[in-house]
Amino acid sequence: MREAGAMNDPMRRAAAILLLVLGGAALWWAGSGAPASASANDAMVARIAAARERAAANDPRLKGASRFEEGGWIYVHLEGEPGAMGYQHGYLLAPEIEDGFAAVSAGMMHSTRRDWEFFRKAAHEMLWPKIDAEYQQELQGIVEGLRARTGSNLDVDDIVAFNAFEELPDYYVPWLNKRQMAANAPNLKSPGNCSAFVAAGSWTKDGQIVMAHNNWTSYRNGERWRIVFDIAPKNGYRMLMDGFPGVIASDDDFGINSDGLMVTETTITQFEGWDPNGKAEFVRARKALQYAGSIDEYTKIMLDGNNGGYANDWLLGDRKTGEIAQLELGLKAYKLWRTKDGVLSGSNWARDPKVLKVDAPEFDPGNKESSPNARRARWDELLKENKGKIDVALAQKMLGDHTDSIEKKEDTNERTLCGHVDGSARGVKEWAWQAYYPGGAVQGKATDATMAKDMRFMARMGHPCGGDFLAKPFLAAHPEFAWEEPYLRDMKAGPWTEFRSGQSPKE
Ligand SMILES: [Zn+2]
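The structure contained in this document is the topic of the report that follows.

1. Looking at the coordination of the zinc ion
Here is step 1 of the chain: Surrounding the zinc ion are the protein donor atoms His402 (NE2), Cys418 (SG), His420 (NE2) and Cys465 (SG), which sit 2.0 to 2.3 Å from the metal.
Here is step 2 of the chain: Note that the zinc ion binds four donor atoms; their angles at the metal cover 104 to 116°, and the shape is tetrahedral.
Here is step 3 of the chain: Mapping the donors of the zinc ion onto the primary sequence yields the spacing H-x15-C-x1-H-x44-C. Residue histidine 402 is located in the loop between α14 (392–399) and β13 (403–404), and its partner cysteine 465 is located in the loop between β16 (456–461) and α16 (471–477); the two are separated by 63 residues in the primary sequence.
Here is step 4 of the chain: We classify histidine 402 as buried; its relative accessible area is 15%.
Here is step 5 of the chain: Cysteine 465 sits in the partly exposed class, given a relative accessible area of 28%.

Next comes the structure, spelled out in structure tokens:
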């Protein structure tokens with residue numbers, strides 16, 4: 001050993017001298033020309049960016065649009081022609097769109113094991129040709145506004161694929177894998193987004209409609225689901241909805257329109273199916289909120305070109321008639337229930353026997369312990385207990401409810417209406433959420449017919465119970481989710497905050 005070491009010593013010495021020389025050269029290089037030219041370059045890049053921003057800010061398409069932040073939410077007002085509304089959206093939310101796109105696209109690629117080019121191709125070839133012209137213009141406008149503001153490289157295929165983030169990875173890809181009999185296909189399940197209800201008649205305090213919803217998704221995406229969109233389109237009704245930066249539909253969904261329609265939903269667990277010739281769900285959902293003035297019109301628009309993507313139990317209210325409805329929208333089957341005196345709740349279960357049989361064949365309505373069924377039991381109990389007393393204040397409390405209907409005690413897990421799956425060793429196998437999955441209820445909204453008439457709703461960012469999710473200790477305790485580290489952030493709850501159409505920031 002010593003001999004070998006001695007033999008190597010001259011080589012080590014030579015290497016050390018070479019390093020010293022190279023290091024000195026690098027120091028000399030760094031100490032003279034490089035910083036000067038780098039800073040000149042930085043200054044030039046900054047000047048170009050500033051000029052671009054000035055030009056973009058003076059774009060006439062931004063006229064009438066605005067943005068402010070309150071209660072952890074970002075409120076944006078968009079108005080006018082579709083292309084202009086898109087430009088406003090892309091410009092005003094540019095940093096949030098870039099950030100949201102990075103997190104969402106990483107999640108889509110991670111779960112499906114497909115590259116981004118796959119999703120761009122699906123958007124370009126399958127989705128784009130069936131998108132109504134006005135929404136094509138709006139999506140194109142988002143790209144233009146975004147690029148004008150930040151010099152982003154994202155194009156319209158990226159933005160369309162991103163808009164379809166609830167339908168391409170968990171509906172289209174599993175359908176495609178099955179068709180292609182793909183070997184070692186990942187376990188992909190349709191998502192279970194949300195706890196919600198709509199009530200009317202003898203169930204509510206004033207007999208009018210009350211509607212409430214909390215959004216269940218990964219904390220990675222959910223912490224970014226913090227936009228309040230106030231949209232005054234050239235055609236159709238005015239809309240107030242929560243949403244995701246860069247996405248034209250509410251997507252979780254919660255919205256009201258100026259003709260009296262009140263809309264929310266929860267997804268159908270273990271839904272299977274996709275129609276490549278159909279129209280993207282995000283387009284139909286946006287169109288229905290913009291153009292439907294009745295439950296019938298809403299149903300008609302959602303059925304037109306149904307592609308099976310993001311299949312939901314839509315909970316609807318029409319404040320003009322006091323009627324509420326549930327549209328269970330499968331692909332092969334659907335069912336509509338409606339009443340002026342009742343309550344319709346959702347927690348990600350289908351109930352029509354035909355929809356269950358043909359569209360969600362693996363779902364087990366008899367398994368009381370699953371997240372959808374345990375929450376269904378809790379909704380039944382909680383709503384019955386409060387029959388005749390339900391109002392917006394009570395609805396807000398219900399969205400933060402922590403009663404586990406199986407354990408019969410307070411807890412924070414996948415069976416509570418305010419979901420905290422990161423606290424459960426069981427996870428939710430029906431959605432392919434493994435143990436301690438960092439997901440659950442990420443925000444909540446509530447409104448009633450009176451508020452909807454003046455286009456108002458209450459919203460709380462973060463867990464509706466007010467609890468915080470902290471990323472660092474979670475990742476330290478659960479290294480299996482380390483891939484999320486670049487995207488997973490703290491999700492701190494904000495206060496319940498009222499938003500209304502045409503709102504300006506507090507002085
Ligand atoms: Zn909670």
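2. Focus: the sheet that holds strand β3 (residues 195–200)
Here is step 1 of the chain: In space, the six strands of this open sheet follow the order β12-β3-β4-β15-β16-β17, with antiparallel pairing throughout. Strand pairing shows two members of the sheet lacking a second neighbour, β12 (342–346) and β17 (497–500), which therefore form its edges. Across the sheet, the axes of successive neighbouring strands diverge by a mean angle of 20°, strand direction being ignored.
Here is step 2 of the chain: For β16 and β17, the ladder comprises four bridges, and the chain directions are antiparallel. Residue pairing in the sheet places phenylalanine 457 in a bridge with phenylalanine 499 of β17.
Here is step 3 of the chain: Against the sheet, α14 makes contact with β3, β4 (210–218), β15 (439–448) and β16, and its axis sits at roughly 170° relative to β15, the strand it touches most.

3. Brief notes about the pairing of strand β5 (residues 227–233)
Here is step 1 of the chain: Counting buried positions over the seven residues of β5 gives seven, a clear majority of the element.
Here is step 2 of the chain: Side chains of β5 alternate between two faces, with Ile227, Phe229, Ile231 and Pro233 and Val228, Asp230 and Ala232 buried alike.
Here is step 3 of the chain: Of the pairings in the sheet, the one linking strand β2 (residues 73–80) to β5 comprises seven bridges and is parallel in character. Bridge pairing in β5 places histidine 77 opposite aspartate 230.
Here is step 4 of the chain: In the sheet, β5 pairs with strand β6 (residues 239–243) via five bridges, with the strands oriented antiparallel. Among the inter-strand pairings, aspartate 230 is bridged to a residue of β6, identified as leucine 240.
Here is step 5 of the chain: The loop that links β5 with its antiparallel partner β6 comprises five residues; one of these, glycine 236, has a positive phi angle of about 90°.

4. Observations regarding the packing of helix α3 (residues 82–92) against helix α4 (residues 94–112)
Here is step 1 of the chain: Look at α3 against α4: their axes get within 4 Å of each other, and the N-to-C directions meet at 75°. Between α3 and α4, the angle falls in the class roughly perpendicular. Judged by residue contacts, His89, Gly90, Tyr91 and Leu92 of α3 engage Ala94, Glu96 and Ile97 from α4.
Here is step 2 of the chain: In terms of residue class, the contact of α3 with α4 is built from four nonpolar, two polar and one charged.

5. Quick notes on empty space enclosed by the protein
Here is step 1 of the chain: Applying the stated criterion across every chain, the model contains two cavities of 30 Å³ or more.
Here is step 2 of the chain: Here the largest cavity defines a volume of roughly 60 Å³.
Here is step 3 of the chain: Listed by contribution, the elements that provide at least two residues to the lining of the largest cavity are β7 (254–257) and α10 (281–291).
Here is step 4 of the chain: For the lining of the largest cavity, the element with the most residues is α10, which contributes three residues.
Here is step 5 of the chain: One number sums up the size of the second largest cavity: a volume of about 30 Å³.
Here is step 6 of the chain: Taken together, Gly80, Pro82, Met85, Glu134, Pro233, Lys234, Asn235 and Gln290 form the lining of the second largest cavity.
Here is step 7 of the chain: Grouping the amino acids of the lining of the second largest cavity by side-chain chemistry returns three nonpolar, three polar and two charged.

What counts, and at which threshold
Residues numbered from 1 in each chain as written. Predicted model: local features only at pLDDT ≥ 70, side-chain atom pairs only at ≥ 80, totals over all residues. Heavy atoms only, no water. Donors = N, O, S within 2.8 Å, 3.2 Å for Na, K, Ca; no water. Tetrahedral: all angles 85-135°; square planar, octahedral: opposite > 155°, others 65-115°. Helix = DSSP H or I, 4+ residues; strand = E, 2+ residues; numbered from the N terminus. Buried < 20%, exposed > 50% of the residue type's maximum accessible area, 1.4 Å probe, protein only. Pairing = 2+ DSSP bridges. Axes fitted to C-alpha atoms, helices over the stretch in contact; angles between N-to-C directions. Contact = heavy atoms within 4.5 Å. Parallel < 35°, antiparallel > 145°, perpendicular 65-115°, else oblique. Nonpolar A, V, L, I, M, F, W, Y, C, P; charged D, E, K, R; others polar. 1 Å grid on protein atoms, 1.4 Å probe; cavity = no way out; pocket = protein on both sides within 12 Å on 5 of 7 lines; lining within 4 Å. Points joined across faces, edges and corners; volume = space filled by probe spheres on them.

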